[in-house]
Amino acid sequence: MLLRFVYTVLVLICAQAQAQATKDITYEDNSISMQLYTKCFENLNQGTEVFKKYPALKNVKPCSLLNCMSLLAYKEKDIQLAAEERLKEISTQLYKEGNPVCLLMGLDSNLIVEEKNKNLNDDNHLVYITFADYVAADFLNKGAEIINKQTNLLISTN
């Protein structure tokens, strides 16, 4: 009985120490892929009127790939359509800036992205972005599909 008590106390102490160590870690990603994934485009035109009519979106700033992909999770079709148009618009602006993007997901996608982004002068200057390591929600997959399709369309027409 005493041995169980001591063991329990030791486990709790270790768990507390691990929690404290994890709490102190700051994750910082300044890679080109993260910069482009979160880059805010203030000059977007698509969907402005749609976003204004929903109070829940009042504090949402749909100006980056990340934020617009998240809007695809809403059940309202007009929000989804506006988000799709913004994703195309952002993809086009990134392409025009010389930073076309390709979104990837899957096991070790972060390692693949890191390796592919070492040389940004190859394969049409694509910047690869990982958006999920394993399984992604359907709305994220849909967003990545829209972005990649738009990027491929722009590359193939020029």
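Residues numbered from 1 in each chain as written. Predicted model: local features only at pLDDT ≥ 70, side-chain atom pairs only at ≥ 80, totals over all residues. Heavy atoms only, no water.

(A) Local environment of the packing of aromatic side chains. Going through the model one piece at a time under the given rule, you end up with 0 aromatic pairs. The ring of tyrosine 128 has lysine 116 sitting right over it, with the charged end atom 4.9 Å from the ring centre. (Phe/Tyr/Trp six-rings, centres within 6.5 Å; stacked < 30°, edge-to-face > 60°. Lys NZ or Arg CZ within 6 Å of the ring centre and 35° of its normal.)

(B) Expanded view of the environment of leucine 94. Within the secondary structure, leucine 94 sits in helix H5 (residues 77-96). Separated by 58 residues in sequence, leucine 94 and leucine 36 have C-alpha atoms that sit 8.0 Å apart. Not counting the four nearest positions on each side in its chain, leucine 94 is found in contact with Leu36, Phe41, Leu65, Asn99, Pro100 and Val101. (Helix = DSSP H or I, 4+ residues; strand = E, 2+ residues; numbered from the N terminus. Contact = heavy atoms within 4.5 Å.)

(C) How the structure looks around the confidence of the model for the protein. Of all residues in the protein, 82% attain a pLDDT of 70 or more, and the chain-wide mean is 82. Looking across the protein, the model is least confident in helix H1 (residues 2-23), with a mean pLDDT of 42, and most confident in H5, with 96. Segment residues 2-27: pLDDT under 50, and 0 contacts once partners within four positions in sequence are set aside and those in other chains are kept. (pLDDT = per-residue confidence, 0-100.)

(D) Quick look at the state of the cysteines. Scanning all chains against the criterion turns up 1 disulfide. Put simply, cysteine 40 and cysteine 63 are joined by a disulfide, and their sulfur atoms are 1.9 Å apart. Between cysteine 40 and cysteine 63, the S-S dihedral sits near -115 degrees, and the bridge is therefore left-handed. One end of the pair, cysteine 40, is in the loop between helix H2 (32-38) and helix H3 (48-52); the other, cysteine 63, is in the loop between H3 and helix H4 (65-71), and 23 residues separate them in sequence. Judged by relative accessible area, cysteine 40 falls into the partly exposed class, the value being 31%. Assessed through its relative accessible area of 6%, cysteine 63 is described here as buried. (Disulfide = S-S within 2.5 Å. Buried < 20%, exposed > 50% of the residue type's maximum accessible area, 1.4 Å probe, protein only.)

(E) Broad picture of a nonpolar patch on the surface. Side chains of Leu107, Tyr134 and Val135 sit close together on the surface and give an oily, nonpolar patch of about 400 Å² of accessible area. For tyrosine 134, the location among the structural elements is in the loop between strand S2 (127-132) and helix H7 (138-157). (Patch = residues over 30% accessible without salt bridge, like charges linked within 9 Å, V, L, I, M, F, W, Y side chains within 5 Å. Areas by Shrake-Rupley, 256 points an atom, 1.4 Å probe, with all protein chains shown as cover. Salt bridge = Lys/Arg side-chain N within 4 Å of Asp/Glu carboxyl O.)

(F) View of the pairing of S2. Of all 6 residues in S2, 5 are buried, a share of seventy percent or more. The parallel pair strand S1 (residues 101-105) and S2, bridged by helix H6 (residues 109-116), forms a crossover whose chirality is right-handed. (Right-handed = clockwise from strand over helix to strand, strands pointing away.)

(G) Structural view of the pattern of salt bridges. One pass over the full model with this rule turns up 6 salt bridges. Its salt-bridge partner being lysine 53, residue aspartate 78 comes within 2.9 Å of it at the nearest N-O pair. Linking aspartate 78 in helix H5 with lysine 53 in the loop between H3 and H4, this pair joins segments that are 25 residues apart in sequence. On the basis of relative accessible area, aspartate 78 is assigned to the partly exposed category, the value being 22%. By relative accessible area, which is 55% here, lysine 53 ends up exposed.

(H) Spatial organisation of the packing of H5 against H7. With their axes 9 Å apart at the nearest point, H5 and H7 run at an angle of 40 degrees to one another. Classified by the angle their axes make, H5 and H7 are oblique. H7 is crossed by H5, and the crossing has right-handed handedness. Facing H5, whose interface residues are Gln80, Glu84, Leu87, Lys88, Ser91, Thr92 and Tyr95, H7 presents Lys142, Gly143, Ile146, Ile147, Gln150, Thr151, Leu154 and Ile155. Residues belonging to the contact of H5 with H7 are distributed by class as follows: 6 nonpolar, 6 polar and 3 charged. (Axes fitted to C-alpha atoms, helices over the stretch in contact; angles between N-to-C directions. Parallel < 35°, antiparallel > 145°, perpendicular 65-115°, else oblique. Left-handed = near helix turned anticlockwise from the far one by under 90°. Nonpolar A, V, L, I, M, F, W, Y, C, P; charged D, E, K, R; others polar.)

(I) Up close: unusual backbone geometry. If you check the backbone angles, aspartate 108 has positive phi at about 65 degrees while not being a glycine. Examined against the element boundaries, aspartate 108 turns out to sit in the loop between S1 and H6. At histidine 125, a position not held by glycine, the phi torsion is positive, near 60 degrees. Mapped onto the elements, histidine 125 comes out in the loop between H6 and S2.

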